[in-house]
Amino acid sequence: QVQLVESGGGLVQAGGSLRLSCAASGRTFSSYAMGWFRQAPGKEREFVAAISWSGGSTYYADSVKGRFTISRDNAKNTVYLQMNSLKPEDTAVYYCAATEMVATTGGEYDYWGQGTQVTVSS
């Protein structure tokens, strides 16, 4: 089992950048693939990015390719989402999640963080 806590959200102007962090508790972090999801007001939760346990494989939603980068530091029990060239449509609550195998659907994830708000103004 793992407990996840997101941080780094905030308010940013369109075209700006933010880096989200997700800190995991326990000693099992390196055994999990990690993902980022987001949920905008009035919308369903959607996949953003995922990374394998080793960091060797990454996956991105088409809407964020070329702008967002997922990475992890297993020594720090932390996964990151670097968000560049932010757009107003990126505004959402961002959640990190953990699964035993890399996946791009929320149903495959076993553990979820509480979420962090990202707001992009025009």
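Scroll up to find the structure.
Since the model is a prediction, treat every value here as computed from it, not as a measurement.

Draft legend 1. Spotlight on the pattern of salt bridges. Counted according to the given criterion, the structure contains four salt bridges. A salt bridge links E46 to R38; the nearest nitrogen and oxygen atoms lie 2.8 Å apart. E46 sits in the partly exposed class, given a relative accessible area of 35%. Classification of R38 as buried rests on a relative accessible area of 5%. In this structure, D90 and R67 form a salt bridge, with 2.7 Å as the shortest nitrogen-oxygen distance. Of the two residues, D90 is situated in the loop between β8 (78-83) and β9 (92-99) and R67 in the loop between β6 (58-60) and β7 (68-73); the sequence distance between them amounts to 23 residues.

Draft legend 2. The arrangement of the environment of S7 in detail. By the secondary structure assignment, S7 is in strand β1 (residues 4-7). You can call S7 partly exposed: its relative accessible area is 38%. Here the alpha-carbon distance between S7 and T119, two residues 112 residues apart in the chain, equals 14 Å. For S7, the residues in contact, after removing those within four places along its chain, are R19, L20, S21 and T116.

Draft legend 3. Spatial organisation of the pairing of strand β11 (residues 116-121). Because side chains alternate across β11, one face comprises the buried residues T116, V118 and V120, and the other comprises Q117, T119 and S121, none of which is buried. For strand β2 (residues 10-13) and β11, the ladder comprises four bridges, and the chain directions are parallel. Its bridge partner being in β11, V12 is matched across the sheet by V120. Where β9 and β11 come together, three bridges link them in antiparallel fashion. What sits directly across from V93, in β11, is Q117.

Draft legend 4. Region of the structure containing the state of the cysteines. A full pass over the atoms with the stated rule returns one disulfide. With a sulfur-sulfur separation of 1.9 Å, C22 is cross-linked through a disulfide to C96. Across the S-S bond of C22 and C96 the torsion is about 50 degrees, and the bridge reads as right-handed. In this pair, C22 sits in strand β3 (residues 18-24) while C96 sits in strand β9, placing the two residues 74 residues apart along the sequence. For C22, a relative accessible area of 0% translates into the label buried. Exposure remark for C96: the relative accessible area of 0% places this residue in the buried category.

What counts as what
- Residues numbered from 1 in each chain as written.
- Predicted model: local features only at pLDDT ≥ 70, side-chain atom pairs only at ≥ 80, totals over all residues.
- Heavy atoms only, no water.
- Salt bridge = Lys/Arg side-chain N within 4 Å of Asp/Glu carboxyl O.
- Buried < 20%, exposed > 50% of the residue type's maximum accessible area, 1.4 Å probe, protein only.
- Helix = DSSP H or I, 4+ residues; strand = E, 2+ residues; numbered from the N terminus.
- Contact = heavy atoms within 4.5 Å.
- Pairing = 2+ DSSP bridges.
- Disulfide = S-S within 2.5 Å.

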